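Observations on the three-dimensional arrangement
Listed here are the chains, written in short residue letters.
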Amino acid sequence: MSEVIIKIRGLRNAFGPQVVHENLDLDIQRGEILGIIGGSGSGKSVLMKSIIGLLRPSAGNIEVDELDALSTEPSERARLERSWGVMFQDGALFSSLTVLENVMVPLIEHYRGLPEEFVERLARLKIALAALPAEAAKKYPSELSGGMRKRAAVARALALDPQILFFDEPTAGLDPIAAAEFDQLLLTLSRSLGLTVVVITHDLDTLYTICDRVAVVSAKKILAVAPIAELEQHPDPWLQQYFQGPRGRAAARAGSSSTTAITQPSRV
Amino acid sequence: MTESLSVAANSRTDAADSDAAQRVPQWHQRGGVLEIGGAWLLDSLASLPQLPQKPDSGEPVRELIAGELSALDTAGAMQLLELLGDPQQLPAASGLRESDAELLRLVNQRLHQRKAEPKRRDHGWLTMFERTGASVARSYQQVRLLLGFFGAVLETGLKVLLGRRRLRMTAAIHHMEQTGLDAVPIVCLLSFLIGAVVAYLGAIVLADFGASIYTVELVNYSFLREFGVLLTAILVAGRSGSAFTAEIGAMKSGQEIDAIRTLGLDPIELLVLPRMLALLIMMPALSFLAMLSGMLGGGLVGISELDLSPGLYLTRMQETTELRHLWVGLIKAPVFAFLIAVVGCLEGLKVEGSAASVGQHTTSAVVQGIFLVIFFDAVFAVFFMKIGL
């Protein structure tokens, strides 16, 4: 767990005169689940978009798996894009395609030579890995519940067997039971497929139950990266409020009471 | 072992190039023993000309030797299980890393979780009948819905007249500007051009009969009775009908319509009536401008191409063109306005959920709007002819 898979140095993002990140450094370790927190508008999503190349930073370096993530060279970009999967907030599934077709799209587009039967079988496997029932494969996104849409989005993000998964607020809008199940899904996938997972979240339960480390984005920089127990002791007033508020305390209690279940990742 | 693997199973791989051999999936079955090596990854599988397949005569695999396996992902695991014949129980494995064994077990479990799905057969003829029936039923539903909506709009309109509902004047005037004033340039330009075209046609065809002076009547009659209002209606259906659908549709998919209802307000009063009122007022005005522009375009061509003096052209126009033609044209304008507004708003209210739905209904609103306008124009033409107007 000491190998760095994503390395960010001196990142600067600015929209006109408004500077979002200034000289931001962050290392993400291979195989870890990293949570990213920060106040609204602190630039969590901007950080994620810079890493996956949806947004070009005005300065700085980003290395993903020893490749320059800011490279614009087509073959290098294709390799980069195959190395990560992204789940957007509400799934961002293609609404005119069924779940199965949604998962098949990246496979077909990236590997034209593969036989269709193989691609379909593989897509169904990904749907099963995302813990969706097989019947969901033939359905359109609009026919699914919010929780199932998110699972379908996970299946699509898994399509190319990425090493890194990015999640933007995966549990937003889910009921607590569905959110807890989703957290378990992330944990299972990360452990059994050896994935590195980066989660932007406000869900304190997610932070306590699945994240190995948490990065705090504040004042245009990463304020701290540490396991959550250490962050609780951090003197920063925002973090104090974050963890010592009523929600933080409740999640901490729930987190510590179920630690035994978490430290031994659920083997399937 | 690498050498025996490469030679026996994978002649494509250069045995000497061990780096390349590492990256390509390799497999070799001897009796009940399957030896695998190289990288079993989606990337490397895709680079093979053919995916690893179980030989037809192959006996079930009892033992897996995986000492040379360098990497495994879910795609590789799935294909490896296929090679093993999708067993319920994984065979004894040697040299398999714990993480890879874990992955194999997970994939195997998930693959077996799925029930085999019954294949649905497509019967060509049956499907054709089924689809025809479904589309007939849909059209019927559509007509019923349209008539119902007509009724609802009329009812709300009456309530406004009786003072039980408010008329939203600000909204109506906003829409008048958007659907009427902003459309003036395009409506005038288009009518002007069509007027010129009609005059050219008349000049060419009628000259053969030595009757080119009748071009004046041709241009004026056609624009007053038909083209002025028809061109305007088609443009408005494309411009404003679609805008109504898109605006209301976006509100519908954002649950704004639901919000209006829960606040105890009436979406027809709030959204539909102002738009309809705007079109009812602006359509005759636009049609009138279209008639004038068309006649101007036709007149200019007539004067320049027919060598008629402007004075003669105008005198001819005054002598032959009666006022009733203007009324025949203008009376249709509010009817068309009503049709376009009703269809546009109804399609907007029918939008469901996704962005694709907004697009579909916008298309549908324009198609239906133009269809209804032309259909009713034909009905009017027959009617006016029968009553001798």
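In short, a report on the structure. (Residues numbered from 1 in each chain as written. Chains lettered and ligands numbered in written order. Predicted model: local features only at pLDDT ≥ 70, side-chain atom pairs only at ≥ 80, totals over all residues. Heavy atoms only, no water.)

What about the overall build of chain A?
Of the regular secondary structure elements, chain A holds eleven helices and ten strands. Counting every position in chain A, which comprises 268 residues, the buried fraction comes to 53%. Across chain A, contacts joining residues at least 24 apart in sequence account for 65% of those joining residues at least 6 apart. Accessible surface for chain A amounts to roughly 11,700 Å². Of this, 51% is attributable to carbon and sulfur atoms. (Helix = DSSP H or I, 4+ residues; strand = E, 2+ residues; numbered from the N terminus. Buried < 20%, exposed > 50% of the residue type's maximum accessible area, 1.4 Å probe, protein only. Contact = heavy atoms within 4.5 Å. Areas by Shrake-Rupley, 256 points an atom, 1.4 Å probe, with all protein chains shown as cover.)

Focus: the environment of Ala171(B)
Here Ala171(B) lies in helix H7 (residues 169-179). Put simply, Ala171(B) and Leu270(B) are 99 residues apart on the chain and 8.4 Å apart in space, counted from C-alpha to C-alpha.

Some remarks on the packing of aromatic side chains
Here the structure, examined in full by the defined rule, presents 13 aromatic pairs over all chains. Taken together, a centroid distance of 5.2 Å and an interplanar angle of 75° make the contact between Tyr242(A) and Phe243(A) edge-to-face. The exposure classification of Tyr242(A) matches that of Phe243(A), with both residues buried. Aromatic side chains Phe223(B) and Phe227(B) sit 5.7 Å apart centroid to centroid with 85° between the ring planes, which places their arrangement in the edge-to-face category. Residue Phe223(B) and its partner Phe227(B) are both found in helix H9 (residues 215-253); the two are separated by four residues, about one turn of the helix. (Phe/Tyr/Trp six-rings, centres within 6.5 Å; stacked < 30°, edge-to-face > 60°.)

Considerations on the pattern of salt bridges
Residue and element names in this part refer to chain B. Considering all chains together, one arrives at 27 salt bridges over all chains under this definition. For Arg97, the salt bridge identified is with Asp100, shortest N-O distance 3.0 Å. Taking the relative accessible area as the measure of exposure, Arg97 reaches 41% and is therefore partly exposed. Given the relative accessible area of 6%, Asp100 is considered buried. Among the charged side chains, a network of salt bridges with common partners joins Arg165, Arg168, Asp266 and Glu269. (Salt bridge = Lys/Arg side-chain N within 4 Å of Asp/Glu carboxyl O.)

Topic: the interface of chain A and chain B
Contacts between the two partners involve 25 residues from chain A, matched on the other side by 23 residues from chain B. Between chain A and chain B, a total of about 2,300 Å² is buried, with carbon and sulfur atoms accounting for 65% of that surface. Viewed at the interface, chain B and chain A are joined by two salt bridges. Close ionic contact of Asp43(B) with Arg82(A) constitutes a salt bridge, the shortest N to O distance being 2.9 Å. Where chain A packs against chain B, one counts nine residue pairs in polar contact (both at pLDDT 80 or more). Considered class by class, the residues forming the side of chain A that touches chain B number 15 nonpolar, two polar and eight charged. (Buried area = accessible area lost by both parts, 1.4 Å probe. Polar contact = N/O pair within 3.5 Å; in protein donor to acceptor, adjacent residues only side chain to side chain. Nonpolar A, V, L, I, M, F, W, Y, C, P; charged D, E, K, R; others polar.)

Section: unusual backbone geometry
Residues and elements named next belong to chain A. Residue Glu66 is not a glycine yet carries a positive backbone phi of 65°. Within the element layout of this structure, Glu66 appears in the loop between strand E4 (59-64) and strand E5 (67-68). The class for Glu66 is exposed, based on a relative accessible area of 71%. Although it is not a glycine, Lys220 sits at a positive phi angle of roughly 70°. In this structure, Lys220 sits in the loop between strand E9 (213-218) and strand E10 (221-226).

Some details on the side chain of Lys44(A)
Residues and elements named next belong to chain A. Position of Lys44 among the secondary structure elements: in helix H1 (residues 44-51). Here Lys44 is buried and forms no salt bridge, its nearest opposite-charge partner Glu169 lying at an N-O distance of 5.2 Å. A polar side-chain atom of Lys44 sits 3.3 Å from the main-chain carbonyl oxygen of Gly39. Beyond its immediate sequence surroundings of up to four residues, Lys44 is in contact with Ile36, Ile37, Gly38, Gly39, Ile200, His202 and Val217. (Lys, Arg positive; Asp, Glu negative; His and termini not counted.)

Looking at the nonpolar core
Of all hydrophobic cores here, the largest spans 85 residues; its most connected members are Phe118(A), Phe167(A), Phe243(A), Ile36(B) and Leu42(B). If near-sequence neighbours (up to four positions away) are discounted, Phe167(A) is found in contact with Met48(A), Met87(A), Val154(A), Phe182(A), Leu186(A), Val197(A), Val198(A), Val199(A) and Ile200(A). Within the second largest apolar cluster, 45 residues are counted, among which are Ile257(B), Phe336(B), Ala337(B) and Leu339(B). (Core = buried A, V, L, I, M, F, W, Y, C linked by side-chain atoms within 4.5 Å.)

So, the sheet that holds E9(A)
Residue and element names in this part refer to chain A. Across the sheet, which stays open at both edges, the six strands sit in the order E6-E7-E8-E3-E9-E10 with mixed pairing between neighbours. In this open sheet, the two strands that pair with only one neighbour each are strand E6 (84-87) and E10. Averaged over all pairs of adjacent strands, the angle between strand axes in this sheet comes to 15°, irrespective of strand direction. Two elements, strand E7 (residues 164-168) and strand E8 (residues 196-200), share five bridges in a ladder whose sense is parallel. When the bridges of E8 are listed, Asp168 appears paired with Ile200. Against the sheet, helix H5 (residues 146-158) touches E6 and E7, its axis set at about 165° to E6. Helix-sheet contacts for helix H9 (residues 237-244) involve strand E3 (33-37), E9 and E10, and the interaxial angle to E3 is about 110°. (Pairing = 2+ DSSP bridges. Axes fitted to C-alpha atoms, helices over the stretch in contact; angles between N-to-C directions.)

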